[in-house]
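Structural characterization, general
Take a look at the letters that make up each chain.
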Amino acid sequence: MPFVSTTRAGLLAGAFALAIGFAGPAASADPIKIGGAFNLTGGQASLDGPAKNGAQLAIDTLNAAGGVNGTPLELVVYDGKTDPAVVASLGSQLINSDKVSAIIGFSDSDPVLALGPNAQKAGVPFIAVGATSPKLPDQIGDTMFLACFGDNTQAAVGASFAIDDLKAKSVYVLEDTANEYATLLSKYFRETFEHLGGKVIGRDTYRTGDKSFTAQITKIKAAAEKPDILYIAATPDSIGLVVRQVRQAGLKLPIVGGDGYDTPLLLEVGGASANNVYFTTHSFVSDSAPGPMKAFFDAYGKAYGTAPENAFAALGYDTVMLVADAIKRAGSGDPAAIRKALTETKDLAGVTGAITFAEGSRVPVKSVTVIGVKDKALYKAAEMAPTFVPKP
């Protein structure tokens, strides 16, 4: 059974929706259904759970302010369970049974690749919330969009930060080869690091589900040339454990990675070992941030009784607002009209930054936030756009 949207009475008093610009007359008529495909259990749950909550918050906020063009929205959510077989079945359910006008979801590229072909065949736009492979639109087709930056952009910022801020001249790279996200992130980082004058002195691999990294760490310690930093391309379910074992082996050098680190598991599992870790992500989620982030932070807390867990919560919110903006401009819930309107999106204000799709591209150009860990707490280390971005 799907999780279906319900409106929370008095949510935000309409203030957040007014700021975004969707408030209108009282909602009426049958709702426009948006499919939500999220891995709410399994290894991706620490990203997709907050993303689903952010998406639901956006739906409730819009409906409390009158819907879109006077029509309410409904989010129909299914749990992919981080299981490829389950994920593959969600597209048919959402498209053929639930009759959704668009689909949003997932924070990893592999489930997007499993569901995307169904959306493409049906002509239903599919917007990835946090899956960052810049190859996805070309791999799936013209119905595929990203609400987030591509891995080539975040990896390029990670490399620039390592060289400019951490003064790194050399790096040893460790990557998870069980998923496309980590292998692409590693590739783009290595390309940029070398382009900027850095040296990759070693590279090793592991696979999701591994519990011991002794062999890989032994090789790093035995390297004839000692690296200035480690770059570990990892997914949420492994990063805390990897970091902890690296530190237990006596390696205190900075560790750099991508938005797979943006999970409570980094600190919950890594603990003090996570100090001197830096990762690229979509935004720094804080109640001290100005503008839309502060409003989102407060609204999320009121809705769920907890602070937003990570930037994926904000991405979920922004993805619904992206679809709602397209519906508003299209003037209907017709999938083809929504897809066309999405391609024309320009300077849409969001919690994680403005969204614009340049002509011929369905991956937005956005700045990247670098978060550091000190004294077992996160802080914003930098925000930048790269000067060099590898080709997808």
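What you see is a predicted model, and the numbers here were worked out from it, not measured in a lab. (Residues numbered from 1 in each chain as written. Predicted model: local features only at pLDDT ≥ 70, side-chain atom pairs only at ≥ 80, totals over all residues. Heavy atoms only, no water.)

1. Observations regarding unusual backbone geometry
Where we set the bar: Helical segments are the DSSP runs of H or I of at least four residues, strand segments are the runs of E of at least two, and each set is numbered from the N terminus.
Positive phi, close to 60°, is recorded for Lys-81, a residue that is not glycine. With respect to the helices and strands, Lys-81 occurs in the loop between strand E3 (73-79) and helix H3 (84-97).

2. Some thoughts on helix H9 (residues 236-248)
Quick reminder of the rule: Remark: exposure states derive from per-residue accessible area (1.4 Å probe, protein chains only) relative to the maximum for the residue type, with buried under 20%, exposed over 50%, and partly exposed in between.
In terms of burial, H9 is a largely internal element, 10 of the 13 residues being buried. Where H9 is concerned, the buried positions are Pro-236, Ser-238, Ile-239, Gly-240, Leu-241, Val-242, Val-243, Gln-245, Val-246 and Arg-247. Once H9 ends, the next one or two residues include Gly-250, with phi positive near 95°.

3. Some details on the packing of aromatic side chains
Rule in force here: Ring geometry is summarised as follows: Phe, Tyr and Trp rings, the Trp one being its six-membered ring, pair when their centres sit within 6.5 Å, and such pairs are stacked at plane angles under 30 degrees, edge-to-face over 60 and tilted between the two.
Considering all chains together, one arrives at 9 aromatic pairs under this definition. Here the aromatic rings of Phe-145 and Phe-357 are separated by 5.4 Å at their centres, their planes lie at 65°, and the arrangement is edge-to-face. Residue Phe-145 is located in strand E6 (residues 144-146), and its partner Phe-357 is located in the loop between helix H13 (335-343) and strand E12 (368-374); the two are separated by 212 residues in the primary sequence. Overall, Phe-357 belongs to the buried group, its relative accessible area being 4%. Ring centres 5.1 Å apart and planes at 85° place the aromatic pair Tyr-206 and Phe-213 in the edge-to-face group. In this structure Tyr-206 comes out as buried when scored by relative accessible area, which is 3%. Site record: aromatic cluster; members linked through ring pairs are Phe-296, Tyr-300, Tyr-304 and Tyr-317.

4. Here we look at the pairing of strand E4 (residues 102-105)
Convention followed: Between any two strands, at least two bridges found by DSSP are needed for them to pair. If the strands point away from the viewer and the path from the first strand over the helix to the second runs clockwise, then the crossover is right-handed.
Judged by which residues are buried, E4 turns out to be covered on both faces: Ala-102 and Ile-104 on one side and Ile-103 and Gly-105 on the other are all buried. Looking at chain direction, strand E2 (residues 32-38) and E4 are connected through 4 bridges and run parallel. Within E4, the residue paired with Gly-36 across the bridge is Ile-104. Where E4 meets strand E5 (residues 126-128), 3 bridges bridge the pair, whose relative direction is parallel. Paired with Ile-103 across the two strands is Phe-126, which belongs to E5. As a crossover connection, the stretch from E4 through helix H4 (residues 109-122) into E5 is right-handed.

5. Description of the environment of Gly-70
With respect to the helices and strands, Gly-70 occurs in the loop between helix H2 (45-64) and E3. In this structure the C-alpha to C-alpha distance between Gly-70 and Lys-328, which are 258 residues apart in sequence, comes to 9.7 Å.

6. Notes on the confidence of the model for the protein chain
Worth spelling out the cut-off: Scored between 0 and 100, pLDDT is the confidence that the predictor attaches to each residue. It only takes one pair of heavy atoms within 4.5 Å for two residues to be counted as in contact.
Averaged over every residue, the pLDDT of the protein chain is 93; the share at 70 or more is 93%. Considering only residues more than four positions removed or in separate chains, one finds that residues 1-15, a stretch of pLDDT under 50, has 32 contacts.

7. Quick look at the pairing of strand E8 (residues 199-206)
Bridge count between strand E7 (residues 170-176) and E8: 7 bridges; the pairing is parallel. Opposite Ser-170, over in E8, you have Lys-199 as the bridge partner.

8. As for the packing of helix H12 (residues 311-330) against H13
Defined as follows: Convention adopted: a line fitted to C-alpha atoms gives each axis, helices being fitted over their contacting stretch, and angles between N-to-C directions are expressed from 0 to 180 degrees. Working rule for angles: under 35 degrees goes down as roughly parallel, over 145 as roughly antiparallel, 65 to 115 as roughly perpendicular, anything else as oblique. For this scheme, ten residues count as nonpolar: Ala, Val, Leu, Ile, Met, Phe, Trp, Tyr, Cys and Pro. Four count as charged, namely Asp, Glu, Lys and Arg, and the remainder, Gly too, count as polar.
At a minimum axis distance of 8 Å, the contact between H12 and H13 shows a crossing angle of 110°. Considering the angle they form, H12 stands roughly perpendicular to H13. Counting all contacts with H12, which are made through Leu-322, Ala-326, Ile-327, Arg-329 and Ala-330, the residues of H13 involved are Ala-337, Ile-338, Ala-341 and Leu-342. Looking at the contact of H12 with H13 residue by residue, the classes come out as 8 nonpolar, no polar and 1 charged.

9. Here's the deal with the environment of Ser-273
Here Ser-273 lies in the loop between helix H10 (265-270) and strand E11 (277-281). Separated by 173 residues in the primary sequence, Ser-273 and Val-100 have C-alpha atoms spaced 44 Å apart.

10. Points about the sheet that holds strand E10 (residues 255-257)
Spatial ordering of the open sheet is given by E8-E7-E9-E10-E11-E12-E13, a layout of 7 strands whose pairing is mixed. In this open sheet, the two edge strands, each paired with only one partner strand, are E8 and strand E13 (377-384). Pairs of neighbouring strands in the sheet enclose a mean axial angle of 25°, with direction left out of account. Taken together, the 3 bridges between E10 and E11 define a ladder with parallel strand orientation. Within E11, the residue paired with Gly-257 across the bridge is Phe-279.

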